[in-house]
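# Coordinate analysis (summary)
Spelled out, the chains give:
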Amino acid sequence: MGGYVTADLGKAEPRPHAEPDPAPPFKILFLHPKTLVDSWPVPVDTLGEIVKFPSAVYPVLAATIKHLAVETRFLDGYVARISLPDYRARLRWADVIAISCMSPLKALDTELTIKLAREVNPAVRIVVGGNHATAWPERWIDAGVDFVVTGEGEAAFRALIEALIGGATRFDEVPNLCWRDGETFQRSPLRAEPTDLEAAPIPDWSGFDLRPYGLGMSRGFAAAVEISRGCPHRCDFCNINTFWSYKQRYKSVDKVIGELQALKAAGVGEFIFTDDNFGGDERKTVALLKEMINHGLDLRFGCFLRGDTVHRNPDFARLAHQAGMRFCMMGIETLDAEWLKTHRKGVRAYDAIAMYNKIYRTLRAQGIFVVGLFIIPAQRGKARYVRPTGIVCDYQFTADLVALRGSALFEQHAEADTVSKDMFYHDWNLSSILVEDGAEQRSGKSFFHTLRENLSLHALRQAFAGSPVARRFRWRPVWILLERAVCTKLADVKRYRVARSKALTMQQKQDYAVASVLDPGHIARLARRRGLLTPLGLRTSLWTRADHGHSVAAQD
């Protein structure tokens, strides 16, 4: 690991004509908000609780402003072992807080942190970007944000920081930007050109504490690597493809290899490819895997992978494992071929079960752990439960179908007036879609099914004799539920009971949750409390400091 180098300069000689002290650096906090409120009893980001890797967004943004007179710090509140007073101290330190919000599942918790930051640091400027911010710029301004970056962020964020350092009050020359001007919403007329991924600086991981991350696949730290942006597929339930205009742009193989070599030199032993469609261009991906092998990087990694990539290229799995792949998260969605066709998944298979079984056996033969990501179709009543583990995947992660603003599915339901509530916020306890005769979609998830799944022979074998990745996926959900049981508050139970009520509409249920969380009295109490008991509290609230120890040295 790189360290911090200091020089012994001895006693300074007095200078007759001392230069004036330079202006203090502009302080920027890249923040993934601490979990102050969460879906109960199952967390909003259960998969993120299991697959512990950092976001690639903040190191990318930090690299774009590295040449400016700024001091940057990173805080991933989702994993940082800090107390509530320490969290407030971080919020008070910053001149600018930069947050990436990707989903309505995190919107309420993010807004709570924004209001807490306003309470403890009224002068702070807050900028939000990401998929969700791009879909809802005016709502984020109404929520108390100063600036919203829509679309791709590097050029806009760099121009915004330069403008703020220069004391600007108008931001018309900053592309892709929305901002507050008094009580008025403003939008820049300028649009940034797509980022040249080849010319972009290497992500700046300096100061990023990597100790809390990883799946135990190596003895090193864990990081995140991006080889492309976008997705050309037309799945109607996704808003990633529309965010990138159904296109995918790639870095060169040499560029990615350089980033991986820099991370390895800094002590990283495992990482995740953050691409939404790793393997989308098979020729580029195969070339990368071969170069990783040729360079002897000996890094372990995981990725998001479409099954048809393996289906079309059976040798892909062998190359991937040799290059270091030890797990993949595969968007299977469902084993109903007709549903896949209806929602434009792009899977050409009459028998989806047979196809995915063949893909699974190919990957497992190479020792790659397969996480199946499933969507429960919107329908009246509960969906029929089908256990796919051991057949098409090693571990099943299931979610209800959600109408995300920005997706083609949302537009369809909005036009038909069958979105059940305001989708700026969301919670897994609520549904987002009205089905037959205006009935609310009922969750197909069941605690009984989850229990049966985790007590199956397949699951028990993985829990006690599986790979480090398999054991992580089997044991971490148990600790998640135990954490929530110990850290449960009355407010959590009340929100859950309201969410399960049959007497209220989905909008009324959501309005109750939002009002209970964003209540000014609740925010004022958070601004002065010494301790915090919440879901995730055992891991993130009972520790006192996170700014000691190891971080990745700056890479030029």
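Residues numbered from 1 in each chain as written. Predicted model: local features only at pLDDT ≥ 70, side-chain atom pairs only at ≥ 80, totals over all residues. Heavy atoms only, no water.

### Some thoughts on the pattern of salt bridges
Taken as a whole and assessed by the stated rule, the structure comprises 27 salt bridges. The closest approach of N and O atoms between aspartate 209 and arginine 211, which form a salt bridge, is 2.8 Å. Residues lysine 251 and glutamate 259 are paired through a salt bridge, measuring 2.7 Å at the closest nitrogen-oxygen approach. Note on lysine 251: relative accessible area 11%, which makes it buried. Through salt bridges with shared partners, a single network forms among Glu152, Glu154, Glu226, Arg229, Arg249, Lys251 and Glu259. (Salt bridge = Lys/Arg side-chain N within 4 Å of Asp/Glu carboxyl O. Buried < 20%, exposed > 50% of the residue type's maximum accessible area, 1.4 Å probe, protein only.)

### Brief notes about helix H12 (residues 316-323)
Buried residues of H12: Phe316, Ala317, Leu319, Ala320 and Ala323, and no others. In a view along the axis of H12, the buried residues occupy a sector of 165 degrees, so they form one face of it. Close packing links the buried residues of H12 with strand S11 (268-278), helix H10 (282-294), strand S12 (300-305), helix H11 (307-312), strand S13 (325-333) and helix H14 (352-364). (Helix = DSSP H or I, 4+ residues; strand = E, 2+ residues; numbered from the N terminus. Arc of directions from axis to C-beta. Contact = heavy atoms within 4.5 Å.)

### Notes on the pairing of strand S7 (residues 184-187)
Bridge analysis of strand S6 (residues 177-181) against S7 gives four bridges, and the strand direction is antiparallel. Each bridged residue has a counterpart across the sheet, and for aspartate 181 the counterpart in S7 is threonine 184. Where S6 folds back on S7, the antiparallel hairpin that results is connected by two residues, among which glycine 182 adopts a positive phi of roughly 70 degrees. (Pairing = 2+ DSSP bridges.)

### Considerations on the confidence of the model for the chain
Confidence in the prediction for the chain averages 88 pLDDT; 88% of positions are at 70 or higher. Counting contacts from residues 1-15, a segment whose pLDDT is below 50, to residues more than four positions away or on other chains yields eight contacts. Note on residues 541-550: pLDDT is under 50 here. Beyond four places in sequence and across chains, it has 33 contacts. (pLDDT = per-residue confidence, 0-100.)

### Structural notes on helix H20 (residues 506-517)
The end-to-end C-alpha distance of H20, which contains 12 residues, comes to 17 Å, matching closely the 16 Å that a straight helix rising 1.5 Å per residue would cover. Every buried residue of H20 is accounted for by Met506, Lys509, Gln510, Ala513, Val514 and Val517. Down the axis of H20, the buried set is contained in an arc of 130 degrees. They therefore lie on one face. (Expected span 1.5 Å × (residues − 1).)

### So, the packing of aromatic side chains
With the rule as written, the count across this model stands at 23 aromatic pairs. An angle of 70 degrees between the planes, with centres 5.1 Å apart, marks the rings of phenylalanine 273 and phenylalanine 301 as edge-to-face. Within this pair, whereas phenylalanine 273 is found in strand S11, its partner phenylalanine 301 is found in strand S12, the two being separated by 28 residues in sequence. On the basis of relative accessibility, which here comes to 0%, the residue phenylalanine 273 falls in the buried class. When the centroid spacing of 5.4 Å and the interplanar angle of 90 degrees are considered together, the rings of phenylalanine 464 and tryptophan 475 count as edge-to-face. Of this pair, phenylalanine 464 sits in helix H17 (residues 457-465) while tryptophan 475 is found in helix H18 (residues 468-486), placing the two residues 11 residues apart along the sequence. Through a chain of ring-to-ring contacts, three or more aromatic side chains come together here, namely Phe30, Tyr58, Phe74, Phe157, Trp205, Phe208 and Tyr213. Lying over the aromatic face of phenylalanine 424, arginine 139 brings its terminal NZ or CZ to 4.5 Å of the ring centre. Its end group placed over the ring of tyrosine 246, arginine 234 keeps NZ or CZ at 3.7 Å from the ring centre. (Phe/Tyr/Trp six-rings, centres within 6.5 Å; stacked < 30°, edge-to-face > 60°. Lys NZ or Arg CZ within 6 Å of the ring centre and 35° of its normal.)

### Regarding the sheet that holds strand S15 (residues 395-400)
Strand order in the open sheet made by the six strands is S8-S11-S12-S13-S14-S15, with parallel pairing throughout. Single-partner strands in this sheet number two, and they are strand S8 (221-225) and S15. The average angle at which neighbouring strand axes cross in this sheet is 20 degrees, direction not considered. Strand direction decides the pairing type here: S13 and strand S14 (residues 369-376), joined by six bridges, are parallel. Bridge assignment links glycine 331 to a residue of S14, and that residue is leucine 373. Along the sheet, H10 contacts S11 and S12; its crossing angle with S11, the most-contacted strand, is approximately 170 degrees. (Axes fitted to C-alpha atoms, helices over the stretch in contact; angles between N-to-C directions.)

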